[in-house]
Amino acid sequence: MKHCFLTLIMVSAAAVTCFAEDIIKTDAYRWHGDTITQDIYMATAPNVFEIVSNYSAEPGYAFPIGKQWKLKNDISSYPQLKTPNKLHAAIYNMGLDEMVNAVEPDTTLRTGKEWAGVWTRDVSYSILLSMAYMQPEASMISLMKKVNKNGVIIQDTGSGGAWPVSTDRLIWALAAYEIYKVTGDRDWLKKIYPIIKKSIDDDSIVTSSESGLAKGETSFIDWREQSHPRWMQTVDIYNSEALGTTIVHSQALRVLAAIAEDLGYKKVAKESIARADAIDEAVNRELWLEDKGYYAMYRYGRNFPIVNPRAETLGESLAILYDVADAGRAKTITESNPTTPFGTAIFFPQIADMPPYHNNALWPWVGAYWALANAKVGNEAGTLEAIGAVFRPAALFATNKENFVLDNGDIATELNSSNMLWCLAGNIAITHKILFGIEFEKDGLAFHPFVPKALGGERTLEGFKYRNAVLDITVKGYGSEIKSFTLNGKEHKPFIPANIKGNNTIVITMADNLVEPMKVNRTPNKKAPWTPLAWFEDGRLKWNPIEYMANYVVIRDGKRIATTRQTDFDASIPGEYQVIAVSSDGIESFASEPRSNRERIVVQMPSEKTAISSSEACNVPANAEGYTGAGFVELDKASSPVDITIDVPVDGTYSIAVRYANGNGPVNTQNKCAIRSLSVDGKRVGTLVMPHRGKGNWSDWGMSNYVRIPLTAGKHTLVIDFRPDNNNMNLKTNHVLVDCITIERLF
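These numbers come from a predicted model, not from an experiment.

Draft legend 1. Examining the side chain of T157 more closely. Inspection of the secondary structure puts T157 in the loop between α4 (136–144) and α5 (171–183). The buried category is assigned to T157, whose relative accessible area is 17%. Engagement of the side chain of T157 in a polar contact is seen with the side chain of R121, the distance being 2.7 Å. Not counting chain neighbours up to four residues away, the residues in contact with T157 comprise R121, A162, S166 and D222.

Next comes the structure, spelled out in structure tokens:
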């Protein structure tokens, strides 16, 4: 009765909802009638243009929290939702209201109340969710703001200097093509084609890997320490191969193929499809975890990558929505991805010693993708809980917030914002794309509603604009199957051609079929064990003990070779060693930093010096310290190629890297990652990536990525030079100090 009393205090008209039938109920909250209840907190909708909440955030939290939303803007030109559930209608209308707030005077889409400007991934995912058709002009203008003067897509955020440490900029291509499907604008198609092609061409050189996956940081999870072990440098993140980012790359290739086909570039279309197919095959070969029923978050390491077996919700959703996962795997993913009482995590399990942001958090726009994926598969319970994970915070916080702590559903994360673009876009998408089943295709509008029984009833969208038509769409009943579909009173297939004009009425009657029950992997939130610290001592691999561990797994050259309860292991066989701690409930830590006891050849740079002279560098000291030989080589875009002669003792596969310093920017942002091409005996063999190591830190030396190549015994000439595809996002400053080159025989 305490909940009813609180509701009466807030708005007496809502008291009847206390005993309404549950729409969604988890161990954390209930959506019942027009009310969402979480412990002593409650949010309700007195009418469809107002939400009232009594939620109180963690005391002293820096970001503001509203307890009421009331319609501020004129939303009458947007599709109007009529539904028997006032709270649903109010949450939807709040999405429209905040969408109007997000359109800046220059007709770009603002990222969030606290975050000004257009960011590539934020706006692109928002466009894919709903902004392509809700704000087509602003979407076009916003995307073009994210193209640089060289005609490539801008990677505007990411670790260690943006691209190519972060490589999810190609999500721009998917968003741009979505706008074409909405508008049918062929001038737009011709405009975006060269941008997409040039960006993909550059990425194919710099981000391709031996495994077939794409290199680079997990899409949108761009705070290094929030999703990686502490030992991983930004260059290690470049060298990782992430599920979500890789799928973005394969789908960008499919977009390029579709546009090329339309514009008559048959060869490009054929080649792009083949490359996309190969990437998708690599995802299924390299990342699928049969024992867990989902894809691994990423591969990581140095010379011998291993998988991080965490589930990553956006990547899993993209695999389903873009058919990278076949029907069987898609179903399994929705039943296996861990779902906490507040929803699915950004990734699972969590990192124990890291505050909530990407770690230990739920982001509503990712929750919207998860809802779309569950609806596609037909997982009714999964779809409902995913919708609830978006609607709960929207109601309780009376805004579309950025993210939430997974432990308690609060907003006390490292950073947060109200009126968040991609979250409001996900809010709108749930109604349009799931409950009304609207899907844009290049030649028309398809309908495939998925209405969980708990949300059954009759709802209407009035004034849905599609090219030269305005549609009033009504969906009746529940289920996954359409019983009848009428257009202007006549039976019609559930597809509207792109040339439809004028005002039209669509009525979709669902079959009220009972959807085959599927599981939801409901689980309490969990944290992984601490990451071991490992080292070599007296011919053995040793590591620190971690309390309450069941055992440790020893890895050599990427293979699990032993399980032990001890804290040391015989390392007399040369190799690259790592250790994983395993808790009593089977949760694994990150692997320790790779340690190699193989012999290395170290070659100093020619024409070394000790002073930094380039005017391109920022905060440059008079001298750098910590180099290993007589000095270092300083490289900028205008530098001559560096020639190095090496003498290889025996035939084999070797790993090549350089020791470098890059003080042109901080570890977590800016855009001056240094990039160079590596050639051996006149043949290009790879790319050397040397990210920021801290602004002004010219005496902080680290290793580049490792390039693995076969070499015969004898002398070889290595060349390090700058080529056009080595341009970073800064375009002007591409500057680095190189101390020496290391060569290690792997096998």
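Structure's up, so let's keep going.
Draft legend 2. Quick look at the environment of G184. Its place among the elements puts G184 in the loop between α5 and α6 (186–206). On a C-alpha basis, the gap between G184 and N499 in space is 9.9 Å, while along the polypeptide they are 315 residues apart. Those residues in contact with G184, other than ones at most four positions away along the chain, are I179 and R467.

Draft legend 3. Region of interest: the packing of aromatic side chains. Evaluation of the coordinates by the stated rule reveals 30 aromatic pairs. Consider the rings of Y298 and Y300, whose centres lie 5.6 Å apart with planes at 90°: the pair is edge-to-face. Residue classification places Y298 among the buried residues on the basis of a relative accessible area of 0%. For the pair F447 and F485, a centre-to-centre distance of 5.4 Å together with 50° between the ring planes defines the contact as tilted. With a gap of 38 residues between them, F447 in strand β21 (residues 444–447) and F485 in strand β24 (residues 482–487) connect regions that are remote in the sequence.

Draft legend 4. Layout of unusual backbone geometry. For the bond running from W163 to P164, omega is 5°, close enough to zero to count as cis. Residue P349 is bonded to the preceding F348 through a cis peptide linkage, with omega at 0°. Mapped onto the elements, P349 comes out in the loop between β16 (347–348) and β17 (350–351). Look at D39: it is not a glycine, yet its phi comes out positive at around 55°. Here D39 shows up in the loop between β3 (35–38) and β4 (41–47). A positive phi angle is found at N488, which is not glycine, with a value near 55°. Mapped onto the elements, N488 comes out in the loop between β24 and β25 (490–491).

Draft legend 5. Broad picture of the pattern of salt bridges. Considering all chains together, one arrives at 37 salt bridges under this definition. Between E261 and K266 there is a salt bridge, with the nearest N and O atoms lying 2.7 Å from each other.

Draft legend 6. The arrangement of the sheet that holds strand β20 (residues 438–441) in detail. Strands sit in the order β20-β21-β26 across an open sheet of three strands; the sheet is antiparallel. The sheet is open, and its two borders are formed by β20 and β26 (495–497), each paired with just one other strand. Sheet twist, expressed as the average angle between the axes of neighbouring strands with direction ignored, equals 20°. Inspection of the sheet shows β20 paired to β21 by four bridges, in the antiparallel sense. Note that in β21 the partner of E441 across the bridge is G444.

Draft legend 7. How the structure looks around the environment of N374. Turning to its location among the elements, N374 is positioned in helix α13 (residues 364–377). A residue is classified by how much of its surface remains accessible, and N374, at 0% relative accessible area, is buried. Sequence separation of N374 and S317 is 57 residues, and the distance between their C-alpha atoms is 8.2 Å. When neighbours within four sequence positions are excluded, N374 is seen to be in contact with T334, N379, G382 and T383.

Draft legend 8. Representation of the sheet that holds strand β38 (residues 642–648). Sheet architecture is open: four strands sit in the order β38-β44-β40-β41, paired in antiparallel fashion. Where the open sheet ends on each side, the last strands, each with one partner, are β38 and β41 (683–690). Shown here is a sheet whose adjacent strand axes are inclined to one another by a mean of 25°, direction ignored. Inspection of the sheet shows strand β40 (residues 674–680) paired to β41 by seven bridges, in the antiparallel sense. Across the sheet, R676 pairs through a bridge with L688, a residue of β41.

Draft legend 9. Representation of the pairing of strand β43 (residues 707–711) in the model. On β43, burial follows the alternation: V707, I709 and L711 on one face are buried, whereas R708 and P710 on the facing-out side are not. Of the strand pairs in this sheet, strand β39 (residues 652–661) and β43 are connected by five bridges, and their pairing is antiparallel. If you follow Y654 over to β43, its bridge partner there is I709.

Draft legend 10. Highlighting the packing of α13 against helix α15 (residues 421–435). One can describe the packing of α13 onto α15 by two numbers: an axis separation of 7 Å at closest approach and a directional angle of 20°. One finds that α13 runs roughly parallel with respect to α15. Two packed elements cross with a definite hand, and for α13 against α15 that hand is left-handed. For the pair formed by α13 and α15, the contact residues are P364, W365, A368, A371, L372 and A375 on the first element and W422, C423, G426, I430, K433 and I434 on the second. Counted by class, the contact of α13 with α15 contains ten nonpolar, one polar and one charged residues.

Draft legend 11. The arrangement of the environment of K453 in detail. Inspection of the secondary structure puts K453 in the loop between β21 and β22 (457–466). Overall, the relative accessible area of 49% leaves K453 in the partly exposed class. For the pair K453 and L384, spaced 69 residues apart in the sequence, the C-alpha separation amounts to 9.6 Å. Once you skip the residues sitting within four places of it in the chain, K453 turns out to touch E380, Y478 and L514.

Draft legend 12. Representation of the nonpolar core. Residues M131, W365 and I473 are the most contacted members of the largest nonpolar core, which totals 187 residues. Setting aside residues up to four positions removed in sequence, M131 forms contacts with M99, L109, S126, P136, S139, L421, L424, A425 and I428. By size, the runner-up hydrophobic cluster in this structure holds 26 residues, among which are V648, V680, L711 and L718.

Draft legend 13. Local environment of the packing of helix α11 (residues 313–321) against α13. Taken N-terminus to C-terminus, the directions of α11 and α13 make an angle of 35°; their axes are 9 Å apart at the nearest point. In this structure, α11 crosses over α13, and the sense of that crossing is left-handed. Counted together, T313, L314, E316, S317, L318, I320 and L321 of α11 and W365, V366, Y369, W370, L372, A373, K376 and V377 of α13 form the full contact between these two elements. Classifying every residue of the contact of α11 with α13 by side-chain character gives eleven nonpolar, two polar and two charged.

Draft legend 14. How the structure looks around the side chain of N427. By the element assignment, N427 lies in helix α15. Relative accessible area serves as the criterion here: at 0%, N427 is assigned to the buried category. If near-sequence neighbours (up to four positions away) are discounted, N427 is found in contact with I91, Y92, G95, V390, F391 and N400.

Draft legend 15. Fine view of the confidence of the model for the chain. Per-residue confidence for the chain averages 94 on the pLDDT scale, and 95% of its residues sit at or above 70. Between residues 1–19, whose pLDDT stays under 50, and residues either more than four places distant or in other chains, the model counts 32 contacts.

What counts and how
- Residues numbered from 1 in each chain as written.
- Predicted model: local features only at pLDDT ≥ 70, side-chain atom pairs only at ≥ 80, totals over all residues.
- Heavy atoms only, no water.
- Helix = DSSP H or I, 4+ residues; strand = E, 2+ residues; numbered from the N terminus.
- Buried < 20%, exposed > 50% of the residue type's maximum accessible area, 1.4 Å probe, protein only.
- Polar contact = N/O pair within 3.5 Å; in protein donor to acceptor, adjacent residues only side chain to side chain.
- Contact = heavy atoms within 4.5 Å.
- Phe/Tyr/Trp six-rings, centres within 6.5 Å; stacked < 30°, edge-to-face > 60°.
- Salt bridge = Lys/Arg side-chain N within 4 Å of Asp/Glu carboxyl O.
- Pairing = 2+ DSSP bridges.
- Axes fitted to C-alpha atoms, helices over the stretch in contact; angles between N-to-C directions.
- Parallel < 35°, antiparallel > 145°, perpendicular 65-115°, else oblique.
- Left-handed = near helix turned anticlockwise from the far one by under 90°.
- Nonpolar A, V, L, I, M, F, W, Y, C, P; charged D, E, K, R; others polar.
- Core = buried A, V, L, I, M, F, W, Y, C linked by side-chain atoms within 4.5 Å.
- pLDDT = per-residue confidence, 0-100.

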